[in-house]
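Topology and contacts: notes
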Amino acid sequence: MKAYADDTTLQVLTLVELLRSKAVESPGRKVFTFLANGEEESATLTYGEFDRKARALGTALQRLAARGERALLLFEPGLEFIPALFGCLYGGLIAVPAYPPRLNQKASRLRSIIKDCRPTVVLTTSALMARADAWAGEAEELKAMAWIATDGVEDELADEWREPALDGGDVAFIQYTSGSTATPKGVMISHANVLHNVNHIDEVTGHTADSVSVNWLPLFHDLGLIYGVMYPLFKGMHCVHLPPAAFLQRPVRWIQAISRYKSTHNIAPDFAYDLCARKVTPEQLATLELSHWQRAASGAEPVRKATIDRFAETFAPCGFRAAVSPAYGLAEATLKVTMTGGRVSPLFLTVSANALSQNRVELMREGDAGSQTLVGCGEPSSVTRLAIVNPETLERCAPDEVGEIWVSGPSVGQGYWERFEETVRTFNAFIVEGGEGPFLRTGDLGFVRDGELFITGRLKDLIIIGGQNHYPQDIEVTAAQSHPAIRAGHCAAYAVEAGGQERLVLTAELERSQRRTPAEEIERAVRASVAEEHGLRVYELVLVKTGSIPKTSSGKLQRYACRAAYLSERAERGQ
């Protein structure tokens, strides 16, 4: 047995050792399946096939690039991405998961990634390589790189592979954050970070080798990559993948796949559960069988009690009785920070909304005027430390105060790629009293009660008007519920300066079926609801067509981008 310094005992030290051991133990065991259209099987991968493809590609990369160089992964949804990622690790390179640029669209994010980490190799498929010239038109940096079509690499090269000298501290991949700015930051994630994180997931989820999960989240995103690839590999379980677009087009496809494959453990953001509950039809419900579903985890965005209740009620006739497990994590900590354990129901806490706006936690009874219900996101693992800290004074908050969430533990990444100052500022924080640290500053706000972490919002998204703190997600829910013309989950709240004061602006998408509704009617409803619920005046409501609100790859609202677009338009109007 090999052990880390924190006494967490693991069988292997690197992801290469992990896959090699699985391939030796169970070469014919199926680990991944892909549903190309979200419904029909188009590809599968066993441990033996997985390892052989990775060794062949590792050999090809060792001939082409030096150890430690970066390899850019540009793949559409499918299983080809998975052995390509491990081919980089087998070759001693650092993988950089990204998404291929869409034709006729600016590739600013991809260009930022290339400029930041300077990859020398591009891995893709033969079909996508045919678009290389078109891509280079948007990102000319691609022309200078060597290209490999992974499906053209001969399997016989696997026999010539030489295992690189790796250890747990080596960087396995660079995970670029899914933020809303044009300059994404690359988090350096080591082999040890991943192995620790999947062990921490394993502490609370109750998976076995016979568990099955169904994933639609993109694999270049931290949640899709860790829970959809690394954890199934680690656990020896089967994971079924479908394209994100297939889910978004028909959300019920995810639930149908869960029913078909008798899936036991699944995770998705809050909006996905809400979408499934709202879009499923009675006819579809009659075809589903969900009694085998044991744990439904929710992460990547704020978890809402209303969503949990609606989903459970909607799918109860199908046998849904799974434990709902809210979770909290971020790319800078590989993935998981906290997750609800064995409880069937999450921990709900009703607090005063007014006190929360002043960074205080005051308990109230559910249903009382001015109350707000928060959902607990579980406890950290035994080797992860949490601290709630005042982001300005860097002092620990009192138990009844809201502050910034700081994290320390073996899952915390190595820092941002070649960004020393930002790495020091974010990954090397110390609490004033006693100099405790270093901690990762998450930028998220919350508090801990009886060991349970509650998330209240994001520091950079916080709206401060009249000296009061307001969380945009709460205002967005109020606005969306005020009139049926506003598309749920597609409303962004943010603050702008006007007349020397901070003002509230909302950008909201219209439901296609409600496009003829008079804007004045919608605006009256939104203004009245926001004023009543939050005591705020809406300075301006911007109504946009369906599909206009920008979101990250994991479905998070890009409030920063909405605000930037609003300010740009206002500048053009000369305001």
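As the structure is a computational prediction, the values presented were derived from the model and not from experiment. (Residues numbered from 1 in each chain as written. Predicted model: local features only at pLDDT ≥ 70, side-chain atom pairs only at ≥ 80, totals over all residues. Heavy atoms only, no water.)

Strand order across the open sheet formed by four strands is S4-S3-S12-S11, with mixed pairing between neighbours. At either margin of the open sheet sits one strand with a lone partner, and together these are strand S4 (41–46) and strand S11 (212–215). For this sheet, the mean angle separating the axes of adjacent strands, direction not counted, is 15 degrees. Running at roughly 145 degrees to strand S3 (residues 30–35), helix H8 (residues 222–235) makes contact with S3, S11 and strand S12 (238–241) of the sheet. (Pairing = 2+ DSSP bridges. Helix = DSSP H or I, 4+ residues; strand = E, 2+ residues; numbered from the N terminus. Axes fitted to C-alpha atoms, helices over the stretch in contact; angles between N-to-C directions. Contact = heavy atoms within 4.5 Å.)

We now examine the sheet that holds strand S16 (residues 336–339). The strand order across the open sheet formed by five strands is S13-S14-S15-S16-S19, and the pairing between neighbours is mixed. With partners counted over all chains shown, the strands left at the sheet margins are strand S13 (265–268) and strand S19 (379–380), one partner each. Relative to S19, S16 runs antiparallel, the two being bridged by two bridges. Residue pairing in the sheet places Thr-338 in a bridge with Pro-380 of S19. With respect to the sheet, helix H7 (residues 191–205) is in contact with S13, strand S14 (295–298) and S16, its orientation differing from that of S16 by roughly 5 degrees. The strands that helix H11 (residues 270–279) touches are S13 and S14; relative to S13, the one it contacts most, it runs at about 105 degrees.

Among the seven residues in strand S15 (residues 323–329), six count as buried, and that is most of the element. As paired strands, S14 and S15 are joined by four bridges and run parallel to one another. Counterpart to Ala-296 in the pairing with S15 is Val-324. Of the crossover connections in this fold, the one passing from S14 over helix H13 (residues 305–315) to the parallel S15 is right-handed. (Buried < 20%, exposed > 50% of the residue type's maximum accessible area, 1.4 Å probe, protein only. Right-handed = clockwise from strand over helix to strand, strands pointing away.)

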